[in-house]
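The lines below spell out each chain.
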Amino acid sequence: NLLAALLAWLDVRSTGGELVLRIEDLDTQRTSRGLAGQLMDDLRWLGLEWDEGGLKPEYMQSYRTMYYEEAFHILEQQGLIYPCYCSRTERMASTAPHRGDGAVVYSGKCSHLTAEEQAELERRGRHPAWRVRCPDLIVALEDGNCGPYAENLAHDCGDFIVRRSDGVFAYQLAVVGDDALMRVSHVVRGRDLLYSAPRQTWLHEVLGYTPPEFFHVPLLLAPDGRRLAKRDHDMDMGVLRERYTPESLTGLLAFYAGLLDRPQSVQAKELIPLFSWAKVPKNDVVVGSP
């Protein structure tokens, strides 16, 4: 998360753009204003100030449902939306098609249900999620860091959820609407989300928006090859702030990002003239113990 934040900040500062801090709190059970405030404090501690956004309703997804409703309605008018009654167990069944990385491609089981079959499932207490119909279409893009990337939406992605069964709008639809309405031109995020870029590009176009440029950054891996995650408390920001100064942690991140040939204390602003996407690794980076 810190690596992506630093590279997004440097991309903005080196091109004269503006950095938007959006609070993606769609899932209110797993997010809070307190956690968002902590995130903002951590960014300020590192010197990564933003130009707009933060804890303002217009930049918090939990307050932007009306915009997602509008996008959902546009898809619905085009006949691209249908209800899906499959349980998680049914979706994850071993017979379901899988992508090369092991992710399940939805089989389309519910896409041909009749009105009578839908009514019967709802009579049994099933509450549907809503999926968008993906065409048999190859969507290709040029990622600003990883290079060319393409997927066939029908075969590599499959019909994906745009609204959950509890009524909460899904990440894929929400970020597309937000990026368009907030005039986002560059999206910088972890390489684990590269698979989302073709479907989001397609959604932008279907909704009449202009897709942003994507820049997917390498993931930082533990020495045993596993992804760093929230459960790795030795890499938690609270622990890191006790062990590092802002300058030393920034220098370590810059080293992992290929901007420095060795870790050294440096302020974020000192990295601006050194920044280039050509220096950033395309593959994941193994990090040592903090």
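Throughout, a residue's number is its position along its own chain's written sequence, starting from 1. Where local features are concerned, this predicted model is filtered to residues with pLDDT of at least 70; where side-chain atom pairs are given and counted, the filter is 80 or more; whole-chain, interface and lining totals use all residues. Side-chain measures were taken over the full set of non-hydrogen atoms in the model, leaving aside hydrogen atoms and water.

### Things to note about the sheet that holds strand 7 (residues 160–163)
Phase 1: Any two strands are treated as partners once DSSP identifies two or more bridges connecting them. A run of H or I in DSSP counts as a helix once it spans at least four residues, and a run of E counts as a strand once it spans at least two, with each numbered from the N terminus. With antiparallel pairing, the 3 strands of this open sheet are ordered in space as 3-4-7. Single-partner strands in this sheet number two, and they are strand 3 (81–84) and strand 7. The average angle at which neighbouring strand axes cross in this sheet is 50°, direction not considered.
Phase 2: As paired elements, strand 4 (residues 129–132) and strand 7 share 3 bridges and run antiparallel to each other. Directly across from tryptophan 130, in strand 7, lies its bridge partner arginine 163. The axes are straight lines fitted to the C-alpha atoms, using for helices just the contacting stretch, and the angles between their N-to-C directions are given from 0 to 180°.

### What to know about the environment of alanine 8
Phase 1: If you trace the backbone, alanine 8 turns up in helix 1 (residues 2–15).
Phase 2: The spatial distance from the C-alpha of alanine 8 to the C-alpha of valine 20 is 9.8 Å, given a sequence separation of 12 residues.
Phase 3: Filtering out sequence-adjacent residues up to four positions away, alanine 8 remains in contact with Leu19 and Val188. Contacts were defined at the residue level, with two residues in contact if any of their heavy atoms lie within 4.5 Å.

### Some details on the pattern of salt bridges
Phase 1: Criterion for a salt bridge: a side-chain nitrogen of Lys or Arg within 4 Å of a carboxyl oxygen of Asp or Glu. All told, the structure shown has 14 salt bridges when counted by the stated rule.
Phase 2: Here arginine 241 ties to aspartate 42 by a salt bridge, and the two come within 2.7 Å at their closest N and O atoms. Separated by 199 residues along the polypeptide, arginine 241 in helix 9 (residues 237–243) and aspartate 42 in helix 2 (residues 33–45) bring together distant segments of the chain.
Phase 3: According to the relative accessible area criterion, aspartate 42 is buried, its value standing at 11%.
Phase 4: The shortest N-O distance in the salt bridge between glutamate 49 and arginine 44 comes to 4.0 Å.
Phase 5: Partly exposed residues are those whose accessible area sits between 20% and 50% of the maximum for their type, while under 20% is buried and over 50% is exposed, using a 1.4 Å probe and protein chains only. The class of glutamate 49 is partly exposed, set by a relative accessible area of 39%.
Phase 6: Among the charged side chains, a network of salt bridges with common partners joins Arg22, Glu24, Arg64, Asp178 and Asp179.

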